[in-house]
Amino acid sequence: MDLPPAGPSAAAARLWAGLDQPWQEAFRQAWEALRSGNIAVGACASTPDGEIVRSARNRVIDGEGPPGEIFGSALAHAETNVLARLPFRCHPDLVLTTTLEPCLQCAAAIRLGPVGAVRFAGPDRYWHGCHDFGKLSTREAQRTQPARIGPRRDELGTFATLISRFGPTLTPGFEKALRTLGEAPMVDLVHELEDCGEAERLAAMEVNEALGYLWPRLQELRELMPAS
Ligand SMILES: [Zn+2]
């Protein structure tokens, strides 16, 4: 008789199984972005009761993409691509689920889009505070902004930020900024995984398997990273 799985992979499997469909879809999209050499961020829009309306991933280096999405451009972010394909004034109360805290551009697209709430997994210290449009004008300050739910404090939140730092992201200037913001342990782990070929082996796994594989190191990272 097979024994039940124990240890890190069982904990990861439990966490993964407990995620709703929009969370799983956003992470599948992020993993496809990682595998295709893009920045590993994925997102989806769903109705308040969890029906997925549209999903998309980062496509900054892609030479093609689905009609209506941006690709091959610094603007080709996951959240922007989800929102770009939603009809004008559709479902004003959609939930936007994304693997990483939205950047300045995506926060603005979320503000303009039919989004009632945004959920994000990983903190992005680089873009902290860029969602607060109430500081820009008194009119914005009086308007109801999309609710923000995040970052996640569990291993999945750490995983989401970690994978977004793989591949083409870490230019010297960006890496320097991240180190200044307290992300040195995460950046060091990215280099370690990429330099020894582990990143390549990870990309061959499914995203939930990669979460299980990295679990012990995600737990260590959670201890080392500053609160966000
Ligand atoms: Zn963005």
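Scroll up to find the structure.
My aim in this report is to walk through the structure given alongside it, one point at a time. (Residues numbered from 1 in each chain as written. Predicted model: local features only at pLDDT ≥ 70, side-chain atom pairs only at ≥ 80, totals over all residues. Heavy atoms only, no water.)

Of the regular secondary structure elements, the protein holds 10 helices and five strands. What you see for the protein is a C-alpha radius of gyration of 17 Å, in line with the 17 Å of a compact globule of 228 residues. Per-residue burial for the protein yields a buried fraction of 49% across its 228 residues. Contacts in the protein between residues at least 24 apart in sequence constitute 61% of all its contacts with a sequence separation of at least 6. Computing the positive centroid from 23 side-chain charges and the negative centroid from 29, the protein places the two 7 Å apart. (Helix = DSSP H or I, 4+ residues; strand = E, 2+ residues; numbered from the N terminus. Rg over C-alpha atoms; globule rule 2.2 N^0.38 Å. Buried < 20%, exposed > 50% of the residue type's maximum accessible area, 1.4 Å probe, protein only. Contact = heavy atoms within 4.5 Å. Lys, Arg positive; Asp, Glu negative; His and termini not counted. Charge placed at Lys NZ, Arg CZ, Asp CG, Glu CD.)

Turning our eyes to something else, we now look at the coordination of the zinc ion. By definition of the ideal shapes, a tetrahedral metal site with four donors has angles of 109.5 degrees and an octahedral site with six donors has angles of 90 or 180 degrees. Protein coordination of the zinc ion is provided by His 77 (ND1), Cys 103 (SG) and Cys 106 (SG), with donor distances spanning 2.1 to 2.4 Å. Considered as a linear motif, the donors of the zinc ion on their single chain read H-x25-C-x2-C. Taken together, the positions of His 77 in the loop between β2 (52-57) and α3 (78-84) and Cys 103 in the loop between β3 (94-100) and α4 (104-112) put the pair 26 residues apart, joining distant regions of the chain. Like His 77, the residue Cys 103 is buried in the burial classification. (Donors = N, O, S within 2.8 Å, 3.2 Å for Na, K, Ca; no water.)

All right, on to the pattern of salt bridges then. Within this structure, the stated rule accounts for 20 salt bridges. Taking the shortest distance from any N to any O, the salt bridge between Glu 183 and Arg 125 comes out at 3.3 Å. Highlighted residues: Glu 183 in the loop between α7 (172-180) and α8 (184-195) and Arg 125 in the loop between β4 (115-122) and α5 (138-142), separated in sequence by 58 residues. Across the pair, exposure class does not vary: Glu 183 and Arg 125 are buried alike. Among the ionic pairs, Arg 222 bridges to Glu 155, the shortest N-O distance being 2.9 Å. Taken as a pair, Arg 222 in helix α10 (residues 207-224) and Glu 155 in helix α6 (residues 155-164) lie far apart in primary sequence, 67 residues in all. Note on Glu 155: relative accessible area 8%, which makes it buried. Ionic contacts of the salt-bridge type, sharing partners, join the residues Arg 57, Arg 59, Asp 62, Glu 69 and Arg 85 into one network. (Salt bridge = Lys/Arg side-chain N within 4 Å of Asp/Glu carboxyl O.)

A word on the packing of α6 against α8. In a pair of packed helices, the angle between the axes and the distance between the axes together describe the arrangement. Viewed as axis vectors pointing N to C, α6 and α8 meet at an angle of 65°, and their least axial separation amounts to 10 Å. For the pair α6 and α8, the crossing hand works out as right-handed. Across from Thr 158, Thr 161 and Leu 162 in α6, the residues of α8 making contact are Met 186, Leu 189, Val 190 and Leu 193. When grouped by side-chain class, the residues that make up the contact of α6 with α8 number five nonpolar, two polar and no charged. (Axes fitted to C-alpha atoms, helices over the stretch in contact; angles between N-to-C directions. Left-handed = near helix turned anticlockwise from the far one by under 90°. Nonpolar A, V, L, I, M, F, W, Y, C, P; charged D, E, K, R; others polar.)

Time to look at the side chain of Asn 81. Inspection of the secondary structure assignment puts Asn 81 in helix α3. Those residues in contact with Asn 81, other than ones at most four positions away along the chain, are Ala 56, Arg 57, Arg 59, Glu 69, Ile 70 and Ala 76.

What follows is about the environment of Pro 226. You can see Pro 226 is positioned in the segment after α10. Assessed through its relative accessible area of 35%, Pro 226 is described here as partly exposed. Linking Pro 226 and Leu 181, residues 45 residues apart in sequence, is a C-alpha distance of 8.7 Å. Pro 226 has contacts with Arg 125, Leu 181 and Gly 182, leaving out every residue within four places of it along the chain.

Under the defined criterion, the tally for this structure stands at five aromatic pairs. The interplanar angle of 25° and the centroid separation of 6.0 Å between the aromatic rings of Trp 31 and Phe 159 together place this pair among those described as stacked. With a gap of 128 residues between them, Trp 31 in helix α2 (residues 21-35) and Phe 159 in helix α6 connect regions that are remote in the sequence. Assessed through its relative accessible area of 0%, Phe 159 is described here as buried. Members of the aromatic cluster, each reached through a chain of ring pairs, are Trp 23, Phe 27, Trp 31 and Phe 159. The ring of Trp 23 carries Arg 152 above its face, with NZ or CZ at 5.2 Å from the centroid. (Phe/Tyr/Trp six-rings, centres within 6.5 Å; stacked < 30°, edge-to-face > 60°. Lys NZ or Arg CZ within 6 Å of the ring centre and 35° of its normal.)

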